[in-house]
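Report on the structure
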Amino acid sequence: MIDFFTFDGEQAEAPRVTSLKHVIPMAELHDYGENSYFVADDRGFESLVHLLAKQFLSYDSNVFVNDPRVKFNQVVREIKQSKGGVTVKTEDGKRYEAKTLILSPSLGVLQSELIAFRPTLPMWKKRAISEFSIGIYTKIFLKFPTKFWPAGNGTEFFLYVHEIRGYYAIWQHLENEYPGSNVMFVTVADDESIRVEQQSDEKTKAEAMEVLRKMFGNKIPEATHIMVPKWKSDRFYQGCFTNWPVGYPQKRHYQLRTRVGKIYFTGEHTHPRLFGYADGAFFAGGDTAKQVINYLNKKTC
């Protein structure tokens, strides 16, 4: 349980497939301290995106993006490079042309066949993409009519040990952040995440309730609602966040974030230290933007 909580609970994969050299000590803890902060702001990370975007995009009533330069609900299916620039084709048949392109899908999307590249990506790039690892990390939320677990300081986590690694292992409640919400959630990862995604939510709830009754007794109430995110099954994610696998060299990760012609690759998976986390995505995006600006300035000089 300690092993799962320490590694799978942070990297979404077991230590047997994780490069301890690149995840211990965790860069986030080294940079920001070892205190854990549960983000309870109901605006979520999206609010940070809008805070940055409002510096250069137009908004309707300061709430919705109405800038004509931003295209929503466009599924990119093909990226074609030529001497003149880059052409992006979308699922509904639209075409967009540009001098250069910043590409930031999840690693899972890059590893899939959702986006076709014309010409195809070079082998060194394909290898860098395919051999990095993206984990699956699922937080299953359950709402109850009443609270039946202890709350207060020192009661955030409840751990369950099972013969199957990570079987409904890490439980947390939200009473400290949202008193009266009567919500608990359990974290599963890797193989258990895949298994849960493939079954009905009702079966998942039944399994979770069986575990909770072993932990808190048979008299606890039945959950009234359940929410099961399915990151692996979602074609726009195909996983949650990246993990540095055993045997993946620094040079290959440099190739993972290296541009191919006029296509610049960015995202959390491209950051050399903060891969897997939102701060990694933020800093990687800033670095890539600077590279593109330098490229365009040179082309116009």
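Residues numbered from 1 in each chain as written. Predicted model: local features only at pLDDT ≥ 70, side-chain atom pairs only at ≥ 80, totals over all residues. Heavy atoms only, no water.

Identification of the protein as Amine oxidase domain-containing protein from Saponaria officinalis is taken from an unreviewed UniProt entry. In the Pathway (unreviewed entry) part of its UniProt record, the protein is described as follows: "Amine and polyamine degradation; spermine degradation." The heading Cofactor (unreviewed entry) in the UniProt record of the protein holds the text "FAD". (UniProt positions renumbered as here; feature names shortened; annotations may be inferred.)

**Focus: the side chain of Thr138**
Position of Thr138 among the secondary structure elements: in strand E9 (residues 137-143). Here Thr138 falls in the buried class, since its relative accessible area comes to 0%. In this structure the side chain of Thr138 is engaged in a polar contact, spanning 2.9 Å, whose partner is the side chain of Ser193. If near-sequence neighbours (up to four positions away) are discounted, Thr138 is found in contact with Val186, Thr187, Val188, Ser193, Val228 and Pro229. (Helix = DSSP H or I, 4+ residues; strand = E, 2+ residues; numbered from the N terminus. Buried < 20%, exposed > 50% of the residue type's maximum accessible area, 1.4 Å probe, protein only. Polar contact = N/O pair within 3.5 Å; in protein donor to acceptor, adjacent residues only side chain to side chain. Contact = heavy atoms within 4.5 Å.)

**Concerning the sheet that holds strand E5 (residues 95-98)**
An order of E5-E4-E3-E7 is seen for the four strands of this open sheet, with the pairing classed as mixed. In this open sheet, the two edge strands, each paired with only one partner strand, are E5 and strand E7 (116-118). Across the sheet, the mean angle from the axis of one strand to that of its neighbour is 15°, orientation sign disregarded. (Pairing = 2+ DSSP bridges. Axes fitted to C-alpha atoms, helices over the stretch in contact; angles between N-to-C directions.)

**Overview of the packing of aromatic side chains**
Here the structure, examined in full by the defined rule, presents 19 aromatic pairs. Geometrically, the ring pair formed by Phe141 and Phe185 is tilted, given 4.9 Å between the ring centres and 35° between the ring planes. Of the two residues, Phe141 is situated in strand E9 and Phe185 in strand E12 (residues 183-189); the sequence distance between them amounts to 44 residues. These aromatic residues form a ring-pair network of at least three members: Phe144, Phe148, Trp149, Phe158 and Phe216. The ring of Tyr59 has Lys54 sitting right over it, with the charged end atom 5.2 Å from the ring centre. In this structure, Lys125 packs its charged tip against the face of Phe265, placed 4.0 Å from the ring centre. (Phe/Tyr/Trp six-rings, centres within 6.5 Å; stacked < 30°, edge-to-face > 60°. Lys NZ or Arg CZ within 6 Å of the ring centre and 35° of its normal.)

**A few points about the sheet that holds strand E10 (residues 157-159)**
Paired through their backbone hydrogen bonds, the strands of a sheet run either parallel or antiparallel. As summarised here, the arrangement of the five strands in space is E10-E11-E12-E9-E13, forming an open sheet in which the pairing is antiparallel. Two strands bound the open sheet, and with one partner strand each, they are E10 and strand E13 (225-227). Between one strand axis and the next, the sheet turns by 20° as a mean value, whatever way the strands run. As defined by bridge partners, strand E11 (residues 170-173) adjoins E12 across four bridges and the pair is classed as antiparallel.

**Observations concerning the nonpolar core**
In a soluble, globular protein the nonpolar side chains are often hidden away together inside. One finds Ile79, Leu103, Phe117 and Phe265 to be the most contacted residues of the largest nonpolar core, which totals 25 residues. Once residues within four sequence positions are removed from consideration, Ile79 is found in contact with Val86, Thr87, Val88, Leu101, Leu103, Ile115, Ala116, Phe117, Arg118 and Ile263. Judged by nonpolar contacts, the second largest core, of 21 residues, contains Trp149, Tyr160, Tyr167 and Val196. (Core = buried A, V, L, I, M, F, W, Y, C linked by side-chain atoms within 4.5 Å.)

**Side note on the pairing of E12**
Burial analysis of E12 places seven of its seven residues in the buried class, the great majority of the element. Burial along E12 is two-sided: the residues Val183, Phe185, Thr187 and Ala189 and Met184, Val186 and Val188 are all buried.

**A short note on the pattern of salt bridges**
Here the idea is simple: oppositely charged side chains can pair when their charged atoms come close. In total, this model carries 18 salt bridges according to the counting rule given. In this structure, Asp92 engages Lys94 in a salt bridge whose closest nitrogen and oxygen atoms are separated by 3.0 Å. Take Asp92: its relative accessible area is 45%, and that puts it in the partly exposed class. Between Glu207 and Arg195 there is a salt bridge, with its nearest N and O atoms 3.1 Å apart. Note that Glu207 is positioned in helix H8 (residues 201-216) and Arg195 in helix H7 (residues 191-197), a separation of 12 residues in sequence. (Salt bridge = Lys/Arg side-chain N within 4 Å of Asp/Glu carboxyl O.)

**Things to note about the layout of surface pockets**
What the second largest pocket holds in volume is close to 250 Å³. Broken down by secondary-structure element, the contributors of at least two residues to the lining of the second largest pocket are helix H5 (107-111), E7 and helix H6 (123-131). In terms of residue class, the lining of the second largest pocket is made up of six nonpolar, four polar and three charged. (1 Å grid on protein atoms, 1.4 Å probe; cavity = no way out; pocket = protein on both sides within 12 Å on 5 of 7 lines; lining within 4 Å. Points joined across faces, edges and corners; volume = space filled by probe spheres on them. Nonpolar A, V, L, I, M, F, W, Y, C, P; charged D, E, K, R; others polar.)

**Topic: a nonpolar patch on the surface**
A cluster of nonpolar residues, Tyr32, Leu52, Phe282 and Phe283, forms a patch on the protein surface that exposes about 400 Å² of accessible area. Checked against the element boundaries, Phe283 lands in helix H10 (residues 278-300). (Patch = residues over 30% accessible without salt bridge, like charges linked within 9 Å, V, L, I, M, F, W, Y side chains within 5 Å. Areas by Shrake-Rupley, 256 points an atom, 1.4 Å probe, with all protein chains shown as cover.)

**Regarding the pairing of E5**
Sheet topology places strand E4 (residues 85-90) next to E5; four bridges connect them, and they run antiparallel. Across the sheet, the residue bridging to Val86 is Ala98, located in E5. Between E4 and E5, which pair antiparallel in sequence order, lie four residues; one of them, Gly93, sits at a positive phi of approximately 90°.

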